[in-house]
Amino acid sequence: MAISDSLDSSSIGGATTVTTTMSDSDRNLSLRKRQRPAAIRDANDVAELDNSATAVEASTESANSIARNGKMIGNGDNHAAGLDIKFAYRPSVPAHRRIKESPLSSDAIFKQSHAGLFNLCIVVLVAVNSRLIIENLMKYGWLIKTGFWFSSKSLSDWPLLMCCLTLPLFPLSAFLVEKLAQRNCLSDPVVVLLHVIITTAAILYPVFVILRCNSAFLSGVTLMLFACIVWLKLVSYAHTNYDMRALANSADKGDASSSSVNVDCSYDVSFKSLVYFMVAPTLCYQTSYPRTASVRKGWVVRQFVKLIIFTGVMGFIIEQYINPIVRNSQHPLKGNLLYAIERVLKLSVPNLYVWLCMFYCFFHLWLNILAELLRFGDREFYKDWWNAKTVEEYWRMWNMPVHKWMVRHIYFPCLRHGIPKGAALLIAFTVSAIFHELCIAVPCHIFKFWAFIGIMFQVPLVLITNYLQNRFRNSMVGNMIFWCFFCIFGQPMCVLLYYHDLMNRGVKTK
């Protein structure tokens with residue numbers, strides 16, 4: 001066709017130049033040729049129509065561009081632009097040229113950008129929660145108290161402080177054991193036994209101190225988190241050095257299988273590498289890590305400001321919303337079932353906000369601040385777990401340091417020893433459940449195993465969501481099940497259970 005053949009598809013401006021030099025008779029002829037395919041039903045002619053429609057659209061855009069920039073064009077060019085607009089889109093040109101879906105239809109909804117709707121949700125969320133905050137303050141007043149976080153006994157909790165300060169003695173002991181093993185002063189069974197003793201003492205020592213002292217809840221949780229991190233790091237340090245020692249011995253003996261493995265077999269016990277590992281935001285030991293070139297001081301300051309703000313928001317929600325709801329509730333396993341469901345649902349929203357703030361403060365802000373200060377390069381502390389289609393995907397993506405540790409030191413070692421995948425997965429969840437229970441039950445001085453049961457309940461949820469994902473392809477059923485059971489029902493239920501057991505324990509103690 002006249003226009004479509006003369007247009008340069010790579011440049012709209014070029015198409016405009018060619019079009020404006022045509023005579024009126026040429027334009028009328030080209031327009032008649034463009035209108036002719038509207039009455040054709042043959043598939044080849046329909047394709048030709050699409051090409052013609054594209055040319056018309058390009059010509060229209062060119063004319064509009066010329067019209068918008070008319071102040072920069074001379075009078076002759078303005079006359080050409082007017083002719084281009086006049087002849088580019090006639091009433092007889094088809095307005096409907098191809099099959100299209102509505103943006104919100106099921107076939108096209110995930111292919112569209114929803115940035116505007118996302119902004120709308122943010123605005124509505126801020127407006128609704130602002131009203132709720134004002135209503136809460138007008139109805140209940142300022143409820144924030146420091147007794148739950150830092151009681152009058154917090155400053156006198158010197159045993160917990162001393163325990164925290166003495167935790168570095170365990171990594172130092174592990175280093176001495178590895179140094180003796182490097183010099184062949186200790187056999188492998190003795191090295192393994194000493195590491196078992198060190199790691200066991202590193203976790204039992206804080207548990208004993210917390211149970212012996214009637215400390216504040218936050219102090220106990222902080223110490224238990226430190227102890228669990230130290231235990232995980234010590235296990236990785238011992239396991240990695242054991243493997244490197246085995247590879248080095250195999251290489252010395254000329255074992256072909258060890259040389260074929262793409263691993264650095266150099267076995268060197270360095271105190272500097274251990275110190276860096278103990279403070280780095282990772283749980284997996286290796287002799288060297290990817291490092292960044294420098295520290296962005298301004299960026300660190302901005303992240304610290306965000307950390308302070310979101311920590312304050314988290315504390316405000318806990319004291320102003322969660323504590324009153326929990327205090328005015330009954331034990332969820334006792335009394336009226338509908339009342340318990342209503343309390344759980346009422347608690348779910350502020351609990352979800354606190355959990356999201358906790359995730360953002362720790363996994364994004366704090367770990368990135370620590371990584372920036374230490375120039376730690378691998379900052380994949382989490383993935384897009386909010387898009388997980390199954391519970392198994394969620395557990396693989398939401399806490400990458402722990403996931404990498406589990407895969408490296410539990411899951412794959414189990415597979416190498418002939419344990420089936422299902423059993424290896426169950427072992428990994430059991431270890432996770434034990435540490436969740438320790439971090440909550442020990443500071444509360446209550447061992448009801450609610451956290452342990454909650455984590456182990458994830459195993460059947462993994463099977464259910466995997467089945468649903470295989471049954472309904474490209475479905476978000478598993479994602480909705482995760483949000484419902486884990487965040488809407490699971491966590492609020494655990495909060496109510498531990499709170500009422502803690503209150504009952506306090507009454508019995510008095």
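For the structure, see preceding data.
### Brief notes about the layout of surface pockets
Reported here for the second largest pocket is a volume of approximately 1300 Å³. As for the second largest pocket, its lining consists of 34 residues, of which L125, N129, I317, V349 and Y353 are closest to the centre. Mapped by element, the contributors of at least two residues to the lining of the second largest pocket are α6 (115–140), α13 (297–327) and α14 (337–374). The greatest single-element share of the lining of the second largest pocket, amounting to 13 residues, is contributed by α6. Class assignment of the residues belonging to the lining of the second largest pocket gives a composition of 25 nonpolar, five polar and four charged.

### Concerning the packing of aromatic side chains
Scanning all chains against the criterion turns up 27 aromatic pairs. Ring centres of F175 and F271 lie 5.2 Å apart, and the angle between their planes is 65°; this geometry places the pair in the edge-to-face category. Remark: F271 occurs in helix α12 (residues 271–279) and F175 occurs in helix α8 (residues 169–182); sequence separation between them is 96 residues. Given a relative accessible area of 43%, F271 falls into the partly exposed group. Ring plane angle 15° and centroid distance 5.8 Å describe the contact between Y394 and W398, whose orientation is recorded as stacked.

### Re the packing of α8 against helix α9 (residues 188–212)
In contact at an axis separation of 10 Å, α8 and α9 are set at 175° when each is read in the N-to-C sense. Our classification of the angle between α8 and α9 gives roughly antiparallel. When α8 is examined against α9, the residues F170, S173, A174, V177, E178 and A181 are found in contact with a partner set consisting of V191, L194, H195, I198, A201, A202 and Y205. Grouping the amino acids of the contact of α8 with α9 by side-chain chemistry returns ten nonpolar, two polar and one charged.

### A word on the packing of helix α16 (residues 400–416) against helix α17 (residues 421–444)
Interhelical geometry of α16 versus α17 gives an angle of 145° and a closest axis separation of 9 Å. Regarding α16 and α17, the two cross each other, and that crossing is right-handed. Every residue of α17 that contacts α16 at M406, I410, Y411, C414 and L415 is listed here: K421, A424, L425, I427, A428, V431 and S432. Partitioned by chemical class, the residues of the contact of α16 with α17 number ten nonpolar, one polar and one charged.

Rules of the game
- Sequence order as written defines residue numbering, which begins from 1 separately in each chain.
- Residues qualify for local features only when their pLDDT is at least 70, as the model is predicted, and side-chain atom pairs are given and counted only at 80 or more; totals for whole chains, interfaces and linings, by contrast, use all residues.
- Side-chain metrics rest on all non-hydrogen atoms present in the structure, leaving aside hydrogens and water.
- Cavity: a set of points on a 1 Å grid over the protein atoms alone where a 1.4 Å probe fits but cannot get out. Pocket: an open set with protein on both sides within 12 Å along at least five of seven lines, its lining residues, like those of a cavity, having an atom within 4 Å of a point.
- Grid points are joined across faces, edges and corners, and a volume is the space filled by probe spheres set on the points.
- We count a stretch as a helix when DSSP gives it H or I for four or more residues in a row; a strand needs E for two or more, and each element gets its number in order from the N terminus.
- Residues are grouped as follows: nonpolar covers Ala, Val, Leu, Ile, Met, Phe, Trp, Tyr, Cys and Pro; charged covers Asp, Glu, Lys and Arg; every other residue, Gly included, is treated as polar.
- Classification of ring pairs rests on two measures: the distance between centres of Phe, Tyr or Trp rings, Trp counted by its six-membered ring, which must be within 6.5 Å, and the angle between planes, read as stacked under 30 degrees, edge-to-face over 60 and tilted in between.
- We call a residue buried when its accessible area falls under 20% of the maximum for its residue type, exposed when it is over 50%, and partly exposed in between, using a 1.4 Å probe and counting protein chains only.
- Between N-to-C directions, angles cover 0 to 180 degrees, with each direction set by a line fitted to C-alpha atoms, over the stretch in contact for helices.
- By definition in this entry, angles of less than 35 degrees are roughly parallel, angles greater than 145 are roughly antiparallel, angles of 65 to 115 are roughly perpendicular, and the rest are oblique.
- In this analysis, two residues are considered to be in contact whenever any of their non-hydrogen atoms come within 4.5 Å of each other.
- In this scheme, a crossing is called left-handed if the near helix is turned counterclockwise away from the far one by less than a right angle; it is called right-handed if the turn is clockwise.

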